[in-house]
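# Report on the structure
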Amino acid sequence: MNSNRPYMPDKPIILYVDDEFLNLKLFEVKFGNKYHILTAENGSRGLELLESVPNVRIVISDMKMSDINGIDLTKKAIEKYPAVDYFILTGYDINEEIRKAYNSGLIKKYFCKPLNFLEISSSIEEVLSAE
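To keep things clear, this report deals only with the structure shown in the data block. (Residues numbered from 1 in each chain as written. Predicted model: local features only at pLDDT ≥ 70, side-chain atom pairs only at ≥ 80, totals over all residues. Heavy atoms only, no water.)

With that settled, consider the packing of aromatic side chains. Summed over the entire model, instances satisfying the criterion amount to six aromatic pairs. Each ring, one from F27 and one from F31, has its centre 4.7 Å from the other, and the planes form 45 degrees; the classification is tilted. Residue F27 and its partner F31 are both found in helix α1 (residues 21–31); the two are separated by four residues, about one turn of the helix. Comparing F27 with F31, the two get one shared label, buried. Taken together, the ring pairs in this structure connect Y16, F27, F31, Y35 and F117 into an aromatic cluster. (Phe/Tyr/Trp six-rings, centres within 6.5 Å; stacked < 30°, edge-to-face > 60°. Helix = DSSP H or I, 4+ residues; strand = E, 2+ residues; numbered from the N terminus. Buried < 20%, exposed > 50% of the residue type's maximum accessible area, 1.4 Å probe, protein only.)

Encoded structure:
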């Protein structure tokens, strides 16, 4: 959790998981005024934050990380947190594992890197407005 930003339960909480430090910072800067952003540098830390911070609404995870990939993180997380919406980011081609996760409803959407903040923002808004 970003200790520089106060916890704001009145804002939707989004967890962004990525092993690229620059992407974590860019995401915080872009979305930090509108949402409460939590960041994790790997999938294991992402799962720890889900466990320790109540009411995370959306998880956006990189696909390829050093410990577990984004789909595996989502599969583990959704068992305990089925009400959370999950998205995947990838810097590589969309593979069969991502397609299958999307088609089965495991993830709401997938995004390609570099980060397209407009696309991500509209997808976040779409999910939040459906509540």
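To continue, consider helix α3 (residues 70–80). Those residues of α3 not exposed but buried are G70, I71, L73, T74 and A77. The arc that holds the buried residues of α3, viewed along the axis, is 150 degrees, so those residues lie on one side. Against the buried residues of α3 lie β1 (13–17), α2 (43–52), β3 (56–62), β4 (85–90) and α4 (96–103). Between the side-chain oxygen of the N-cap and the backbone nitrogen of I71 there are 2.9 Å, and the N-cap of α3 in question is N69. (Arc of directions from axis to C-beta. Contact = heavy atoms within 4.5 Å. Polar contact = N/O pair within 3.5 Å; in protein donor to acceptor, adjacent residues only side chain to side chain.)

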